[in-house]
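# Commentary on secondary and tertiary structure
Here's the letter readout for the chains.
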Amino acid sequence: MNQTEVPKYDLVVVGAGPAGLTAAIYTTREDIKTLVFERGVVGGLAAVTDKIDNYPGFPDGVAGLKLADDLRLQAERFGTEIELGEVTAIADEGTYKRLSTTSGDILSKAVLVATGSDYKKIGVPGEQEYYARGVHYCATCDGAFYRDKRLVVIGGGNSAFQETIFLTRYASHIDLLVRSTIKASDVLQKEMETYIKAAKVTVHTNTATEKIVGNANGVTEVLARQADKSLSFKTDGVFVFVGLTPNSQFLKNTLVRLDSIGFILTDDHMQTTMPGIFAAGDVRSGATMQIASAAGEGATAALKIREYLEGRPLPIQDEA
Amino acid sequence: MTKNVTIFTTNTCAYCQMVKKYLGAKGVGYEEVNLDEHPDRQAEAMRLSGTMTVPVTVVTKQDETQEVIIGYNLARLAPAVAA
Ligand SMILES: Cc1cc2nc3c(=O)[nH]c(=O)nc-3n(C[C@H](O)[C@H](O)[C@H](O)COP(=O)(O)OP(=O)(O)OC[C@H]3O[C@@H](n4cnc5c(N)ncnc54)[C@H](O)[C@@H]3O)c2cc1C
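This paragraph deals with the overall build of chain A. Looking only at helices and strands, chain A features seven helices and 19 strands. Relative to the globule expectation of 20 Å for 320 residues, the C-alpha radius of gyration of chain A, 21 Å, shows essentially globular dimensions. Seen through its C-alpha atoms, chain A measures out along the principal axes to roughly 60 × 40 × 40 Å. Residues classed as buried in chain A amount to 51% of the 320 residues present. Within chain A, contacts between residues at least 6 apart in sequence are counted, and of these 61% link residues at least 24 apart. Surface summary for chain A: the accessible area is close to 14300 Å², and the carbon and sulfur share equals 49%. Placing the 33 positive and 40 negative side-chain charges of chain A at their respective mean positions leaves the two points 4 Å apart.

Put into structure tokens, the structure is as follows:
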């Protein structure tokens, strides 16, 4: 990017997950000059998910990496530019918003924040110390290191169940530690039954992880508590899937209002409380955290952004 | 000057694809060691990186010094292969 001249766009999309890429397919197809910024993997969390069974149009399911790559190709077909880098701040300069990025400043008439969310840590002793040396947050990345080894997975929601099922292809046995009760969908619970019956997975509910223990070679055990009982699970590694935290920190000093957890508040038009800034997908307060809905929100945002760029005022609603 | 680049990957690792795409776009050749196909080379990846994660990118310079980059970390990867 040229250092002296600040590049100008109609729309900058922050985040190349399903929400951001879908929006870019719509806007570039309508000749809205669009730049997508991505600091991690093009395709977002969809790209790091092994197999997606509930995205419409794929009767046999689709590999996350394949869906991500196809979304990118479709966006690029219409002229979307994807820049690998991070957006670190947004400032209002009237017609244009100024975005500070790791590749320099950019000016854009509208901005779509589609930054999704990142894995939460559990915050127990040993978690940080053994990070990537026995404690992991991405099964599709690191699962292969646990061929024929014992694993502990922590979490009780859809992601924890999905990732445990993925990890059974490598691990000899998995202890799934669920702090309270199971939150995963009935479909996933039913699928898990097969692995429980085959003695590949043991589910421990009401089991709170207290400490991850190891030595110079990595993790050796997980200490947990079940009511007033102290438990020890011998293991070679730990995968943590205890929820997600929104990627909205870079909006802290702006007019964009966040909810108490940090998700972005919008109205039905995906407009935030800062004019010209829209939000879609997992980072939006009230999002249903699904690829299909992220794509839908991306499409809605794109259509509303077009109206905004055409100077058609969007009614401000109370929710934002 | 870069002499050669080796990337340790697995089949399902999205960050590995990003590293390969980046090197491809910069015209940097590399050898890929897919640990799903060569589990016998896992120990080597772990010894080089001190971690059990992929991608691990090993950049060997002409003077045989090595830079090991863990994960998809453009801030380290870009300068390592630039020269
Ligand atoms: C383990 C797991 C399994 C799942 N399985 C399914 C499933 O089977 N079906 C389903 O429908 N959903 C599934 N989901 C949920 C689904 O992945 C998400 O709902 C979806 O990816 C959200 O899309 P998004 O575009 O809003 O955000 P994301 O996919 O999170 O993409 C956001 C992108 O923004 C980037 N970004 C963040 N901040 C910045 C910044 N400042 N600058 C530049 N880039 C930035 C991130 O790197 C990321 O790539 C799963 C999630 C997980 C964690």
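Below, the discussion takes up the sheet that holds strand E10 (residues 135–136) of chain A. Residues and elements named next belong to chain A. If you trace the five strands from one edge of the open sheet to the other, you get E10-E17-E11-E12-E13, paired in parallel fashion. Both edges of this open sheet fall to E10 and strand E13 (201–204), since each of them pairs with a single strand only. Bridge count between strand E11 (residues 150–154) and strand E12 (residues 173–177): five bridges; the pairing is parallel. Following the sheet pairing, Ile-154 is matched in E12 by Leu-177. Sheet strands touched by helix H5 (residues 158–167): E11, E12, E13 and strand E17 (237–240). Its angle to E11, the strand with the most contacts, is close to 170°.

What follows concerns the site of the ligand. Residues and elements named next belong to chain A. Taken together, 34 residues are adjacent to the ligand, and Glu-38, Leu-45, Asn-54, Asp-282 and Ile-291 come closest. A distance of 2.8 Å separates a nitrogen atom of the ligand from a polar side-chain atom of Asn-54. Within the side chain of Gln-290, a nitrogen or oxygen atom sits 2.9 Å from an oxygen atom of the ligand. Protein contacts shield 95% of the accessible area of the ligand, which totals 1000 Å² for the unbound molecule. For the shell around the ligand, the secondary-structure elements that each account for two or more residues are helix H1 (18–29), strand E2 (34–38), helix H2 (44–47), strand E9 (117–119), H5 and helix H7 (291–309). Across the shell around the ligand, the residue classes break down as 14 nonpolar, 15 polar and five charged. If you count residues domain by domain, the shell around the ligand takes at least three from each of domain 1 (3–118 + 244–309) and domain 2 (121–240).

Here we come to the state of the cysteines. Counted by the stated rule, this structure contains two disulfides over all chains. With a sulfur-sulfur separation of 2.2 Å, Cys-138 of chain A is cross-linked through a disulfide to Cys-141 of chain A. Judged by the torsion about the S-S bond (65°), the Cys-138 of chain A/Cys-141 of chain A disulfide is right-handed. Taken individually, Cys-138 of chain A and Cys-141 of chain A each receive the classification buried, so the pair is uniform in this respect. One disulfide bridge connects Cys-13 of chain B with Cys-16 of chain B, the sulfur atoms lying 2.2 Å from each other. Linking Cys-13 of chain B and Cys-16 of chain B, the disulfide has an S-S dihedral of approximately 95° and is accordingly described as right-handed.

All names here are of chain A. For the pair H5 and helix H6 (residues 186–197), the least separation of the axes is 10 Å and the interaxial angle reads 30°. Where H5 crosses over H6, the handedness of that crossing is left-handed. Here Asn-158, Phe-161, Gln-162, Thr-164 and Ile-165 of H5 lie close against H6, whose contacting residues are Leu-188, Gln-189, Glu-191, Met-192 and Tyr-195. Taken together, the residues of the contact of H5 with H6 break down into five nonpolar, four polar and one charged.

Residues and elements named next belong to chain A. A complete count under the given rule lists 25 salt bridges over all chains for this structure. A salt bridge links Glu-93 to Arg-98, with the shortest nitrogen-to-oxygen separation between them at 2.7 Å. The exposure class assigned to Arg-98 is partly exposed, which follows from its relative accessible area of 24%. Two residues, Asp-175 and Arg-150, come together in a salt bridge whose shortest N-O distance is 3.3 Å. One end of the pair, Asp-175, is in strand E12; the other, Arg-150, is in strand E11, and 25 residues separate them in sequence. Taking the relative accessible area as the measure of exposure, Asp-175 reaches 6% and is therefore buried.

The next point concerns the layout of surface pockets. The computed volume of the second largest pocket comes to approximately 700 Å³. Forming the boundary of the second largest pocket are 27 residues, of which Leu-84 of chain A together with Met-18, Tyr-22, Tyr-72 and Leu-74 of chain B lie nearest the centre. Put simply, the parts of the chain that give the lining of the second largest pocket at least two residues each are helix H3 (64–77) and strand E5 (81–84) of chain A together with helix H1 (14–25) and helix H3 (74–82) of chain B. For the lining of the second largest pocket, the per-class residue count stands at 15 nonpolar, five polar and seven charged.

Turning our eyes to something else, we now look at unusual backbone geometry. Of the consecutive residues Val-54 of chain B and Pro-55 of chain B, the connecting peptide bond is found in the cis state with omega at 0°. Relative to the helices and strands, Pro-55 of chain B resides in the loop between helix H2 (42–49) and strand E3 (56–61). The backbone of Met-270 of chain A sits at a positive phi, close to 65°, despite the residue not being glycine. Looking at the secondary structure, you find Met-270 of chain A in the loop between strand E18 (244–246) and strand E19 (277–279).

Analysis parameters
Sequence order sets the numbering: in each chain, residues are counted from 1 along the sequence as written. A letter from A marks each chain and a number from 1 marks each ligand, given out in the order of writing. Totals for whole chains, interfaces and linings use every residue, but because this is a predicted model, local features are given only for residues with pLDDT of at least 70 and side-chain atom pairs only at 80 or more, for both listing and counting. With hydrogens and water excluded, all non-hydrogen atoms of the structure serve as input to the side-chain values. Here a strand is any run of E in DSSP of at least two residues, a helix any run of H or I of at least four, and the numbering for each starts at the N terminus. What the globule rule says is 2.2 Å times the number of residues to the power 0.38, and the radius of gyration is computed from C-alpha atoms. Remark: exposure states derive from per-residue accessible area (1.4 Å probe, protein chains only) relative to the maximum for the residue type, with buried under 20%, exposed over 50%, and partly exposed in between. The contact rule is simple, with two residues in contact once any of their heavy atoms fall within 4.5 Å. Using a 1.4 Å probe, the Shrake-Rupley method yields the accessible areas, and only the shown protein chains count as cover for residues. Charged residues are defined here as Lys and Arg on the positive side and Asp and Glu on the negative side; His and the ends of the chain fall outside this count. Charge coordinates come from a single atom per side chain, which is NZ of Lys, CZ of Arg, CG of Asp or CD of Glu. Two strands form a pair only when DSSP identifies at least two bridges running between them. Orientation is described by lines fitted to C-alpha atoms, with helices fitted over the stretch in contact, and by angles between N-to-C directions that extend from 0 to 180 degrees. Residue proximity to a molecule or strand is established when one non-hydrogen atom of the residue lies within 4 Å of it. Here a polar contact is recorded for every N or O atom pair within 3.5 Å, except that within protein the pair must consist of a potential hydrogen donor and a potential acceptor, and residues adjacent in sequence are included only if both atoms are side-chain atoms. Amino acid classes used here: Ala, Val, Leu, Ile, Met, Phe, Trp, Tyr, Cys and Pro are nonpolar; Asp, Glu, Lys and Arg are charged; the rest, including Gly, are polar. Just so you know, the domain bounds were taken from an automatic or database domain assignment. When two cysteine sulfur atoms lie within 2.5 Å, the pair is treated as a disulfide. What makes a crossing left-handed is the near helix being turned counterclockwise from the far one by less than a right angle; a clockwise turn instead makes it right-handed. Salt-bridge detection follows one rule: a side-chain nitrogen of Lys or Arg within 4 Å of a carboxyl oxygen of Asp or Glu. Method remark: on a 1 Å grid restricted to protein atoms, a set of points is classed as a cavity if a 1.4 Å probe fits but cannot get out and as a pocket if it is open with protein on both sides within 12 Å along at least five of seven lines; lining residues have an atom within 4 Å of a point. Grid points are joined across faces, edges and corners, and a volume is the space filled by probe spheres set on the points.

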